[in-house]
Amino acid sequence: MIPLPSPFSQIPRPNHPPHPPQPQPQASPHQSPLITIYTKREDQSSPFASSGNKYRKLEYLIPDILSSVPKYGTLAPGPHHGTLTHPPNPPPAKKTTTLVTEGALQSNHTIQVTSIANHFHLESVIILHKATGGGLNASTNKEAFTETGNVQIARLLGADIRVLDSSTVSSKYTSTDPTTATENDTEDGVASILSTLQTHHQKSTYWIPSGASLHPLGGLGYARCAFEIAFQEKTHAHTHLNPSPKLRSRFDYIFVACGSGSTLGGLIAGMKLLQKEEEHQHQNNPPRKIIGIMTSPTQNRAYHEDRVLGFARQAAGLIGLDGERDIGMEDVCVDERFAGMAYGELDGETREVLGEMAREEAVLLDPVYTGKVVRGMRQWVREGEIARDWVARGGGIGEEVNVLFIHTGGQTALSAYADVV
């Protein structure tokens, strides 16, 4: 049981055991300071099919989905497909029958939504956008890209798949508040599908934004993950993480993908709450640093930083922090150097990293997110960026430094990338 402070501990969620971090002996360089790399296998954390960070982002939604009167689940007006945070009162006393969500063709999120629907005997409708990112256009085998990988798994799971030629609008919105849309926004394909399900087919739908990022509860899973990481630091201090009594058992740097920014934002909020809880311990080391590796060049770094800050503050307000006061831009670190040419497009450098990790560590990465994260992490480690940052932030010269790579999954899309090897 992961200990959480109140009110965070009062927010309901399903229980499932965490996986301990695993060392990466081949990837850990022999240098000063001694840097040891570990992997947190989020790709193995879900109790359902095709795991990864997408399940953790959904787990706090499950109690609301199963409620006789869900608090959320209504599509907000406007072009960004968020969740309406204040649905009309009183809400209908009708249980959810159908989960509806959207994503790119090779979306990992839609697979997890379908898996959850199956587990709780609900129906699922997933809306896939062909024009999202550059994966389809750059593919050397477009038929494979549209028929295999996560598309194939969605069919196997029995999802009702709707494919639109459009791109998702989630890359275009500029606010983390889905209530800021204007009344002049015209109905799009997603809204039309939802309306048809509700009116013509009499479905009681629950709308989940892409990646659950624009759902008010979407960041809580990774806020909790921060406490899980701290718990695993202690419980594995003399096993996997710290086989030598001379090594410290704390993860000093944490690398994670930054797509929408919700995963990174939730992790930042959780770490800030954890930091408050640890203040009485009088730790002399610099605080843990979370580094988000941008996975899409659609928007610039400043745009992503602003969104991450918004998501972090939103999660912070739910778990017992004052978002505006306790979290600032200084807590957000986003590295844009490894985003590649387009979202979902496999570049040569990422392809090389995928092969190296498979051969050296027997760890499979994905082309969209984790391949780019490992590229970024290796740059920080091998080029001395962590060593310089550690000393600049008050760390001791020659101290051992532990690095954690959060593996957010996505390997199920590999077969769609015919040119991955």
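This is a predicted model, so every value here is computed, not measured.

### Observations concerning the packing of aromatic side chains
What the rule picks out here adds up to eight aromatic pairs. Here the aromatic rings of F255 and W380 are separated by 6.0 Å at their centres, their planes lie at 70 degrees, and the arrangement is edge-to-face. Of the two residues, F255 is situated in strand β7 (residues 253-258) and W380 in helix α13 (residues 370-382); the sequence distance between them amounts to 125 residues. Comparing F255 with W380 shows no difference in burial state: the two are buried. Among the aromatic residues, those joined into a ring-pair cluster are F8, Y60 and F227. Above the face of the Y222 ring, R56 is positioned so that its terminal group lies 5.4 Å from the ring centre.

### Structural notes on the packing of α13 against helix α14 (residues 385-392)
Two elements in contact, α13 and α14, have axes whose closest approach is 4 Å; the angle formed by their N-to-C orientations is 65 degrees. When the axis of α13 is compared with that of α14, the two are roughly perpendicular. Facing α13, whose interface residues are Q379, W380 and V381, α14 presents E385, I386 and D389. A per-class count over the contact of α13 with α14 returns three nonpolar, one polar and two charged.

### Overview of the nonpolar core
Core analysis: the largest hydrophobic core is formed by 54 residues, its most contacted members being L99, I208, I229, L264, L267, I268 and I406. Examining the composition of this core, we find that eight residues originate from one element, helix α8 (residues 220-235), more than from any other. Here this core gathers at least three residues from each of two domains, domain 1 (14-50 + 215-417) and domain 2 (53-170 + 186-212). In contact with I406, not counting residues within four places along its chain, are K40, E42, Y222, I229, I254, F255, V256 and L267. Ranked by size, the runner-up nonpolar core spans 42 residues in total, among them A159, Y253, F338 and V403.

### A closer look at the pairing of β7
Regular strands place their side chains on alternate faces of the sheet. Counting buried positions along β7 gives six out of six residues, so the element sits mostly inside the fold. Judged from the six bridges that link them, β7 and strand β8 (residues 289-294) form a sheet pairing that is parallel. Of the residues in β8, the one forming a bridge with A257 is I293. Sheet analysis places β7 next to strand β10 (residues 401-407), joined by three bridges and oriented parallel. Each residue of the ladder has a partner; that of Y253, found in β10, is V403.

### What to know about the pattern of salt bridges
Enumeration over the complete set of coordinates arrives at 27 salt bridges. Here R337 makes a salt bridge to D335, at a shortest N to O gap of 2.6 Å. Look at R337 and you get partly exposed, because its relative accessible area is 42%. Here D335 falls in the buried class, since its relative accessible area comes to 5%.

### Topic: α13
Structural remark: α-helix, 3.6 residues per turn; residues separated by three or four positions point the same way. Between its first and last C-alpha atoms α13 spans 18 Å; for 13 residues at 1.5 Å apiece the expected length is 18 Å, and the two agree. Among the 13 residues of α13, 11 are classified as buried, and the element is accordingly described as predominantly covered. Within the span of α13, buried status applies to T370, G371, K372, V373, V374, R375, G376, M377, R378, W380 and V381. Once α13 finishes, G384 follows within two positions and takes phi at roughly 80 degrees, a positive value.

### With respect to unusual backbone geometry
For the peptide bond that leads from S6 to P7, omega is 10 degrees, which places it in the cis range. Structurally, the position occupied by P7 is in the segment before β1 (22-23). Phi at H81 takes a positive value of approximately 60 degrees, unusual for a residue other than glycine. As for its position among the elements, H81 is in the loop between α2 (62-66) and β3 (98-104). Positive phi, normally seen in glycine, also occurs at A212, with a value near 60 degrees. Tracing the sequence through the fold places A212 in the loop between β6 (205-208) and α8.

How each quantity is defined
Along each chain, residue indices are assigned from 1 in the same order as the chain's sequence is written. Local features in a predicted model are, by the rule used here, given only for residues with pLDDT of at least 70; side-chain atom pairs are given and counted only at 80 or more, and totals for whole chains, interfaces and linings are based on all residues. Side-chain numbers come from the whole structure's heavy atoms, not from hydrogens or water. Aromatic pairing here means that ring centres of Phe, Tyr or Trp (its six-membered ring) are within 6.5 Å. Orientation follows from the plane angle: under 30 degrees is stacked, over 60 is edge-to-face, and everything else is tilted. Here a strand is any run of E in DSSP of at least two residues, a helix any run of H or I of at least four, and the numbering for each starts at the N terminus. Type-normalised accessible area, obtained with a 1.4 Å probe on protein chains alone, sets the label of each residue: buried when under 20%, exposed when over 50%, and partly exposed for intermediate values. Distance and angle both matter: a charge sits over a ring if NZ of Lys or CZ of Arg is within 6 Å of the ring centre and within 35 degrees of the ring normal. Between the N-to-C directions of two axes lies an angle of 0 to 180 degrees, each axis being a line fitted to C-alpha atoms and, for a helix, fitted only over the stretch in contact. Here the angle decides the label: under 35 degrees means roughly parallel, over 145 means roughly antiparallel, 65 to 115 means roughly perpendicular, and every other value means oblique. Between two residues, a contact is recorded if the distance between any of their heavy atoms is within 4.5 Å. Amino acids outside the nonpolar list (Ala, Val, Leu, Ile, Met, Phe, Trp, Tyr, Cys, Pro) and the charged list (Asp, Glu, Lys, Arg) are all regarded as polar, and Gly is one of them. Here, nonpolar core refers to any group of buried Ala, Val, Leu, Ile, Met, Phe, Trp, Tyr and Cys residues whose side-chain atoms link them within 4.5 Å. For every domain, the bounds stem from an assignment made automatically or drawn from a database. Only strands joined by at least two bridges in the DSSP assignment are considered to pair. What makes a salt bridge here is a side-chain nitrogen of Lys or Arg within 4 Å of a carboxyl oxygen of Asp or Glu, nothing more. Here, expected helix span is obtained from the residue count minus one, scaled by 1.5 Å.

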